[in-house]
Structure formats: structure tokens, C-alpha cells
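Fold and contact review
As a plain string of letters, each chain reads:
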Amino acid sequence: MSYSIKTIGVLTSGGDAPGMNAAVRAVTRAAIINNMRVKAIFRGYKGLIDGEVQEFTSQDVSGIIQRGGTILKSARCAEFMTPEGRKKAYETLQREQIDALIVIGGDGTFTGARDLAQEYNIPIIGIPGTIDNDLWGTDCTIGYDTALNTVMECVDKLRDTGTSHERLFLVEVMGRDAGFLTLNAAIAAGAEAAIIPEREAVAEQLKAAVGQGQRKHKNSSIVLVQEHAVEGGAMAVAKVVEEHHPEYSPRVSILGHLQRGGSPSAYDRIIASRLGCAAIQALLDDQRNIMVGIQNGEIAYVPLVKAIKQKKDIKQDEWEALQTLSI
Ligand code: ATP
């Protein structure tokens, strides 16, 4: 039992994700009920360096569970990647008498957390918050389910117009280096194909998708393209289609940042609430430098270094299901 932890700091970092507010609320309330003080740090690591800190009460997190984005704001901070930047961050922690830090974000956030923890021996707990779902050691990350539903709804709408005009739509989906969002949105929306970085031979994937549409006389085709699966994204894929399949006149739709927005789904609110409580419990259990994740529906503690280093792969059965169902 960590009697030494009297004050925790909490921040959100990296890309914002729906459900981060629910996690901030849960961390705050779980800490307060366990007699810890809570210091909210604004603008991620940038705010930690600059000392943008405010003490939070339970009321400060009222009415935020349903809100997208993050009330703590987020920022990308190059200075934190340097030892000098992290020294300044540590000085803020000392000045504010913060004994442990909870960071909500993706693998970049956790990499910075690992470095800070190693250099200054401060307990840090990571909560996975990213729409990309690309963290090893957790079945899902906060924001992924909401983003998945957003992409699915957008594709449903595009299909309406695609069908009316008998068009091929290429829809560009976010995900950094990972194809989870693209692949599962493709399954959920009944798309003809998904082009993702985890599977090579993009030309083959495309040929199969376009060829299938012709064979079956489909009156619309939808192909989801992960933003970094091909250099140039969906626009580049459109050029290839125009070159090799002049019978198509593909339309490109880049969903962009609307994928990050919106009120979090029930599922994201629930996992954010559970993970926020679990992060405080982890500190009480004397855990250090771990990510709290969800494995087979249960809370799991995963070393930060493993969450960062190990690569989560897409599920082969999901990939095969998409191929099977798009005939
Ligand atoms: P998302 O997956 O949504 O993009 P993320 O947490 O991976 O989230 P990043 O922008 O990669 O987002 O990282 C957030 C912040 O973490 C960076 O702005 C930087 O301050 C810090 N960070 C990232 N990589 C490192 C690193 N290698 N060393 C130290 N700090 C880092």
C-alpha cells in the first residue's frame, strides 16, 4: 500500500480521443475517494513543462462524461523528448508535490512516460487513449469504439450516394501505422475491401476489390484505405484505379479529424471509467510504470515498456472475414 502517494497528477497527451474526459473523471474521483489530492495538468507534457497545473475537486469533473475531446487539452511537445525538457517537467512535479503521474494517451505518450519514470524514479501509470487501438497489451483503447462507429456511419452515408451513382468510393481512414480502425470499419460497413499497412501487395488487394465489383455487377463499391498504407493515401490509390481501370471514375473521401470527434460511445465511457479507477487501484497496489489495459474483458496490468515495444497484430480471422464477405 502506497501511503507515500498523497497527490497524483493527471494529463492527456497525443491525439485526443472520445472518452478521455470519462477517464479524467474516473481518475479524479477514484483518487479523491482514496484520500489523494488531484492536480490536473493542462496541454499534456507541454503543460507539465510550463507548470499549467490546477487542483481538481470532484465537481471539476462533473458533466464531462458525455463530452468528446479532452477538457485537459492535448498537445504534441517536442521539448519533452529531450532530457532538458523532462528535467523541467520533473521540476514542476516537485514544485506541485505530485507523487505519481497518470498519463492518458498513445504509445508516444507512454514512451515519454517511460523515460521520465526511468530518469526520476516517479511512479507513472498509463491509460490507453487513442482512436488507433494500436497498443499491445489491451484489447481496446479509449476512443476506438466511438471512432469505429463514426467511420461506419460515414461509410453508410457514402454508400447511399455511391449506389445512386454506381460509383467506386475510396475512403481514407486514420490509424497512424495501424489498420485496426480501417479493417473493422470495413467489416462493419460491409465494404468491398480494406487497404491496410499490415497486409502488403496493395495492388493485388485493389485489383481483387475492383474486379469483384465488376464480376458481381455491384452497383457500388467501397474501399477503405488506411491513411499510411500507401504513400499519398486514398488519392494515390484513386490514380492507380484511374490508370488501370478507366471504366471506374473513383471518388475519394478523406474523413480526417471528424473521426476523432463526437460524444463517446457507451462502451468507451465504460472502459474509460474502469481504466481510470484501475489506474488509481494500481497505485494503491504499489504498481509502477505500467499501463492498465483490458484483456478478455478483465483489467490487466502491462509493463509500459512492453506496451510500447511489442507490436499488436490485426486478427487474421477479421482479415479473412472481410475477404469472405465481400464476394
Ligand atoms: P496518438 O496515438 O493518438 O497519436 P500518442 O501518445 O502516440 O497518441 P504522440 O504525438 O506520438 O501521440 O506523443 C505524444 C507526446 O509524447 C509527444 O508530443 C511527446 O511530448 C511525447 N513523446 C512522444 N514520443 C516520445 C519519445 N520518443 N520520447 C519522449 N517523449 C515522447
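See the structure above.
The paragraphs below set out a description of the structure included in this document.

**Observations concerning the site of the ligand**
Lining the immediate environment of the ligand, one finds 19 residues, of which Arg76, Cys77, Gly108, Thr109 and Arg176 sit closest. Separating an oxygen atom of the ligand from a side-chain N or O atom of Asp107 is a distance of 3.0 Å. Thr130 has a polar side-chain atom sitting 3.3 Å from an oxygen atom of the ligand. Protein chains bury 88% of the 620 Å² of accessible surface belonging to the ligand in isolation. Judged by the proximity of its atoms to the pocket grid, the ligand belongs to the largest pocket. Considering each element in turn, the shell around the ligand owes the most residues, six residues, to helix H4 (residues 107–120). Considered class by class, the residues forming the shell around the ligand number four nonpolar, nine polar and six charged.

**A closer look at the sheet that holds strand S7 (residues 193–195)**
Reading across from one edge, S7-S8-S6-S9 is the order of the four strands in this open sheet, with parallel pairing throughout. The open sheet terminates on both sides in strands that have one partner only, identified here as S7 and strand S9 (251–254). With strand direction ignored, the average angle separating the axes of adjacent strands in the sheet is 20 degrees. Looking at chain direction, S7 and strand S8 (residues 221–226) are connected through three bridges and run parallel. Bridging from a neighbouring strand, Ile195 pairs with Val225 of S8.

**Some points on the layout of surface pockets**
Unoccupied space between atoms shows up once a probe the size of one water molecule is rolled over them. In this structure, the largest pocket spans a volume of roughly 450 Å³. Counting residues per element, the lining of the largest pocket draws most heavily on H4, at six residues. Looking at the lining of the largest pocket residue by residue, the class counts come to six nonpolar, 11 polar and eight charged.

**Examining the packing of helix H3 (residues 83–95) against H4**
Running from amino to carboxyl end, H3 crosses H4 at an angle of 70 degrees, the nearest separation of the two axes being 10 Å. Comparing the axis directions of H3 and H4 gives the class roughly perpendicular. Contacts between H3 and H4 involve Pro83, Arg86, Lys87, Tyr90 and Leu93 from the first element and Gly112, Asp115, Leu116, Glu119 and Tyr120 from the second. Its residues assigned to classes, the contact of H3 with H4 shows five nonpolar, one polar and four charged.

**What to know about the packing of aromatic side chains**
According to the stated counting rule, one finds three aromatic pairs in the structure shown. Taken together, a centroid distance of 6.2 Å and an interplanar angle of 80 degrees make the contact between Phe42 and Phe56 edge-to-face. Of the two residues, Phe42 sits in the loop between strand S2 (37–41) and helix H2 (44–50) while Phe56 sits in strand S3 (residues 53–56), which places them 14 residues apart along the sequence. Of the residues examined, Phe56 reaches a relative accessible area of 6% and is grouped as buried.

**Let's talk about the pattern of salt bridges**
In this structure the tally under the stated criterion is 11 salt bridges. Note that Asp50 is salt-bridged to Lys46, the shortest N-O span being 2.8 Å. Pair noted here: Asp50 and Lys46 are both in helix H2, with a separation of four residues, about one helical turn. Exposure remark for Asp50: the relative accessible area of 43% places this residue in the partly exposed category. A cluster of three or more residues bridged by salt bridges with shared partners is formed by Arg86, Arg114, Asp115 and Glu119.

The rules behind these values
Residues numbered from 1 in each chain as written. Predicted model: local features only at pLDDT ≥ 70, side-chain atom pairs only at ≥ 80, totals over all residues. Heavy atoms only, no water. Near = heavy atom within 4 Å. Polar contact = N/O pair within 3.5 Å; in protein donor to acceptor, adjacent residues only side chain to side chain. Areas by Shrake-Rupley, 256 points an atom, 1.4 Å probe, with all protein chains shown as cover. 1 Å grid on protein atoms, 1.4 Å probe; cavity = no way out; pocket = protein on both sides within 12 Å on 5 of 7 lines; lining within 4 Å. Sits in = over half its atoms within 2 Å of the grid points. Helix = DSSP H or I, 4+ residues; strand = E, 2+ residues; numbered from the N terminus. Nonpolar A, V, L, I, M, F, W, Y, C, P; charged D, E, K, R; others polar. Pairing = 2+ DSSP bridges. Axes fitted to C-alpha atoms, helices over the stretch in contact; angles between N-to-C directions. Points joined across faces, edges and corners; volume = space filled by probe spheres on them. Parallel < 35°, antiparallel > 145°, perpendicular 65-115°, else oblique. Contact = heavy atoms within 4.5 Å. Phe/Tyr/Trp six-rings, centres within 6.5 Å; stacked < 30°, edge-to-face > 60°. Buried < 20%, exposed > 50% of the residue type's maximum accessible area, 1.4 Å probe, protein only. Salt bridge = Lys/Arg side-chain N within 4 Å of Asp/Glu carboxyl O.

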